[in-house]
Structures are given as structure tokens and as C-alpha cells.
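Observations on the model geometry
If you want the building blocks of each chain, they are given just below.
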Amino acid sequence: MNDELELADKGGWWENRNKDATLILVFVVMLAAKLLTMLLPAKYFYDNNRILGMANEDVGVHAWAGTYIVAANFFKNINVFSFTTMSQWSWFLGLSLTLVVFFMVLRLPEPDMVQTIFLLACIGLLNIYVFNIGKDVIQFLFFMAVYLVLLIPIENSFMKIVLAAVVLYFESKVFRSYYILIAAFVLAIYCILVVFRKIRRIPPAAKIAITVATMYLLVCAMMVVASVLMPDEYQQIMDVRDYSLSGREDDVDSVTIIKNWVGGDNSTNLPLFLLNYLINAVRMMIPFELAVKGVQYLPFFFFQVAVTVYLVHLFGKLDEIEDNTQFLAISIFLGYVLASVLFEPDFGSWVRHEAATFPVLHLLVFSPNQRLSQWKLDVEKIKGRVGRHANTIAREEV
């Protein structure tokens, strides 16, 4: 960790930015995002308006069940200021939770230019889509609880990951039932990464490929076991995507839905389901489809690509990560990703829900080993290995 902290103090203007200026920009971007929210059409806040109506007990709003009731009751119980409009909730939650993010950023090392841009993008997404009356802000609060677990001053990493899984399991009981899958995936991925972390002879590229393949096999094994031991839950997972997309394919407002590329009855054919799962995972992590749907979707495309690039970079450095909090965070975030591929119906909701994981996500990105200067060193190491390999082959040929 000392080498990483020393590295954080090196570099030119591109690598080092004024942290005070970054902290000020957090609130500038919040203000800009809230003003933009007021200009966006109502279709972007369909769920928010329904939950607002339910919380206000508006007889003109049809109350939906499940997580909508949970969310409406939550906001009714915390509404000490008697808010009745979307704007009131938006500004209140924006100011309150952006202040929370501000204190998160305070404890971080100084970000470089690229990290600063990514941070401000997160602030913008959060204040447009998450920090408002709705379900996503509740998800943010649960991930905030996970974040606080990771900061507990105990050395036992396994105990921390178990406690984080308990928080996610609790969420499955009171809010979103599929979070029980995330909790299970988090524990399994932590064990997988611990094993691969100890194997130091595998080249980084091979380690990334093997780790990703192992996680996919984990999903396959989970589905096979569920089909035998939990047939009702298994069928619910098989049906959830078709149910989410029913009636939306011809909706002009649903241009970012994630339709399976390989046709057929995914609800009864497990091999087909798993094939489409793999394809959809790649599509969600590198959403080129968003980039070609219009200029308005490019920010979401670049945001997701940035998350994926940072994640892949960490994969290649698993055995070099000395910050246990970051190692635990990558296990939690990957568990979230694996489960999300099963359920997310469209790219828009995927990016929005992913932004709500910010308390955990930012631990992966805003660290010295993700600075541009560290990336340059990693590239030099790769060039050195390639050069040594080429020299060895040349000597053998001679």
C-alpha cells in the first residue's frame, strides 16, 4: 500500500488534480443535474411519479404492489417535512445524499483527471435518476449500509463479507427478493477471488479469462442446483425477463430494452437461457447498442465502458491489491453484476441501478492503483514482459 500511496503523489497535471476543487464541483454538478431533471420529460420518472402518488395517497393513482408499496410506505414514514411534490423530494434527497457522497470523497486519496471526470459523472447520474423519491434511492441506502460494514475497523475480511451478505439478505426480505441471489453470489465470488489471488504464476490476461469463466460456471451451477432444490424460485428466474419485457417491445419509450439475441423459449430451455445470459452479460458491460441509438445515450455508454475498464484493470491486479476494503468491494460489485444480468430488462435501468451502487462502486475506482500513472506503469510492465519473451525466442532460434 505504501508504494501505491507514493505513486499517488507523482505525475503531472493530468495525474494530479486539486481535491478541494473536486469537492466543490460535486455540488456544482449536483445543481446542474437537478436543473436538468426539471427539463426532462415525465417518461423518465414514471415509477417515481407512481410512488409519489401512492405516498400522497392520491386516489387518482393506481397503487401497485410489491416494492412499490414498500417504497411508498418508506417515504410516508420519513416525510417529516410534509413533502408533496417530486421537486421537493428531489432537492431534499439530492442535497442530503450529495453531502453524504461529499464525505465519502473526503476520505479518498486525491483523484487524477480521469477519476475526477468519472466521479462527477456519478454525481450527475445519481442526482438525475437516484436521489429522488423512488426505489433506486432505497437501493443506494442499502449499499451505503454495506459500505459502512466494509469500513468497520476489524481485520477479519471473511467476517466483513459475511456481514455485507447479511445486509443484502435483509434487503431481499424487506425490499427486493432477488437480493438473496446477490448475497449468495457475493460469498461465492469472494471465495473464488481468494483462491485466484493466491495463484501468482498465471499471467494477468489468463487470470482474467479464467476468473470470468469460473464466474459464468458459478451461474450455471446455481441454475442447475436451483432447478432441483428450489423449482419454484428456479422457474421465477427463468420467467422474469420475459415477464419484464411483455408488452414493451412495441413501446416507443422502450428503445433500450435488452431482447435476447438467440430466439426460442428461454423459460423452459436452460442451455438456451444460459447462452443468452452470457451474451447479455457482455452486452451490458459493453453496451454498443446504446451508442448507436442516439447522441443522448452516449453518456450512459461511456459511463458503462468506464466501469468495465476499471473492473478489468482490477482483475489483472488481483494478487497486487493490498487494500482489503477494495478487494471486498470487487467481490460485492461482481455479485451484484451476476445477479443483475438475470433480471435487468433494459440498458437504461441497468445503468441507473448500477449508479445506485456508488457506495461500493467508488471503492473500486477511486484508489491509487486505478490512477492513470499506475496504468502507465502496468503498460510498461507488459511491454517489458513482451520484450523479454521476444528476446528469449530470438536466442533460442540462434
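Structural notes, computed from the coordinates. Given the structure is predicted, the values throughout are model-derived calculations rather than measurements.

What counts, and where the lines are drawn
- In every chain, residue numbers begin from 1 and rise along the written sequence.
- Owing to the predicted nature of the model, reporting of local features is limited to residues with pLDDT of at least 70; listing and counting of side-chain atom pairs is limited to 80 or more, with chain, interface and lining totals taken over all residues.
- Computation of side-chain values: all heavy atoms of the structure, hydrogens and water removed.
- Each patch is assembled from residues with relative accessible area greater than 30% and no salt bridge, linking like charges that lie within 9 Å and nonpolar side chains (Val, Leu, Ile, Met, Phe, Trp, Tyr) that lie within 5 Å.
- Only the protein chains shown count as cover for residues, with accessible areas throughout obtained via the Shrake-Rupley method and a probe of 1.4 Å.
- Only one rule defines a salt bridge in this text: a Lys or Arg side-chain nitrogen within 4 Å of an Asp or Glu carboxyl oxygen.
- Residue exposure (1.4 Å probe, protein chains only): buried if accessible area is under 20% of the type maximum, exposed if over 50%, otherwise partly exposed.
- Numbering goes from the N terminus for both helices and strands, where a helix is a DSSP run of H or I of at least four residues and a strand is a run of E of at least two.
- A helix is expected to reach a length of 1.5 Å times the quantity of its residues less one.
- What qualifies as a polar contact is a pair of N or O atoms within 3.5 Å, subject to a donor-acceptor requirement within protein and to the restriction that residues adjacent in sequence count only when both atoms come from side chains.
- Between 30 and 60 degrees the pair is tilted, below 30 it is stacked and above 60 it is edge-to-face, where a pair is any two Phe, Tyr or Trp rings, Trp via its six-membered ring, whose centres lie within 6.5 Å.
- By convention a nonpolar core is built from buried Ala, Val, Leu, Ile, Met, Phe, Trp, Tyr and Cys residues, the set being connected through side-chain atoms within 4.5 Å.
- Contacts: residue pairs with any heavy atoms within 4.5 Å of one another.
- Axes here refer to lines fitted to C-alpha atoms; in helices the fit is confined to the stretch in contact. Angles between the N-to-C directions go from 0 to 180 degrees.
- These descriptions rest on fixed angle ranges, namely under 35 degrees for roughly parallel, over 145 for roughly antiparallel, 65 to 115 for roughly perpendicular, and the rest for oblique.
- Crossing handedness is read from the near helix: turned anticlockwise from the far helix by less than a right angle, it gives a left-handed crossing, and turned clockwise, a right-handed one.
- Nonpolar residues are Ala, Val, Leu, Ile, Met, Phe, Trp, Tyr, Cys and Pro. Charged residues are Asp, Glu, Lys and Arg, and all others, Gly as well, are polar.

Glancing now at a nonpolar patch on the surface. Together, Leu-31, Leu-35, Leu-36, Met-38 and Leu-39 line one region of the surface with nonpolar side chains, adding up to about 520 Å² of accessible area. Overall, the relative accessible area of 45% leaves Leu-35 in the partly exposed class.

A separate point is helix α12 (residues 270-285). In this model α12 runs 22 Å from its N-terminal to its C-terminal C-alpha over 16 residues, within 8% of the 22 Å that 1.5 Å per residue would give. Every buried residue belonging to α12 is among Leu-270, Leu-272, Phe-273, Leu-274, Asn-276, Tyr-277, Asn-280, Ala-281, Arg-283, Met-284 and Met-285, and all of these are buried. Looking at where α12 begins, the residue whose side-chain oxygen comes 3.1 Å from the main-chain nitrogen of Leu-272 is Asn-269.

Tallying each qualifying case throughout the model produces 27 aromatic pairs. Seen in terms of ring centroids, Phe-288 and Phe-301 are 5.6 Å apart; in terms of plane orientation they differ by 40 degrees. Their pairing is tilted. Here Phe-301 lies in helix α14 (residues 298-315) and Phe-288 lies in helix α13 (residues 288-291), a separation of 13 residues in the sequence. In this structure Phe-288 comes out as exposed when scored by relative accessible area, which is 53%.

Below, the discussion takes up the nonpolar core. Counting residues in hydrophobic clusters, the biggest one holds 122 residues, and the most contacted among them are Phe-118, Phe-131, Phe-140, Met-223, Ile-332, Phe-358 and Leu-364. Counting residues per element, this core draws most heavily on helix α15 (residues 324-343), at 14 residues. Once residues lying within four places of it in the same chain are set aside, the contact partners of Leu-364 are Leu-311, Leu-314, Gln-326, Ala-329, Ile-330, Phe-333 and Gln-370.

We now examine the packing of α12 against α15. Put simply, α12 and α15 touch, their axes get as near as 9 Å, and they point 115 degrees apart. Considered as vectors, α12 and α15 are oriented roughly perpendicular to each other. For α12 against α15, the interelement crossing comes out right-handed. Listed contacts from α15 to Phe-273, Tyr-277, Asn-280, Ala-281, Met-284 and Met-285 of α12 are Val-337, Leu-338, Ser-340, Val-341 and Leu-342. The residue makeup of the contact of α12 with α15, split by class, is nine nonpolar, two polar and no charged.

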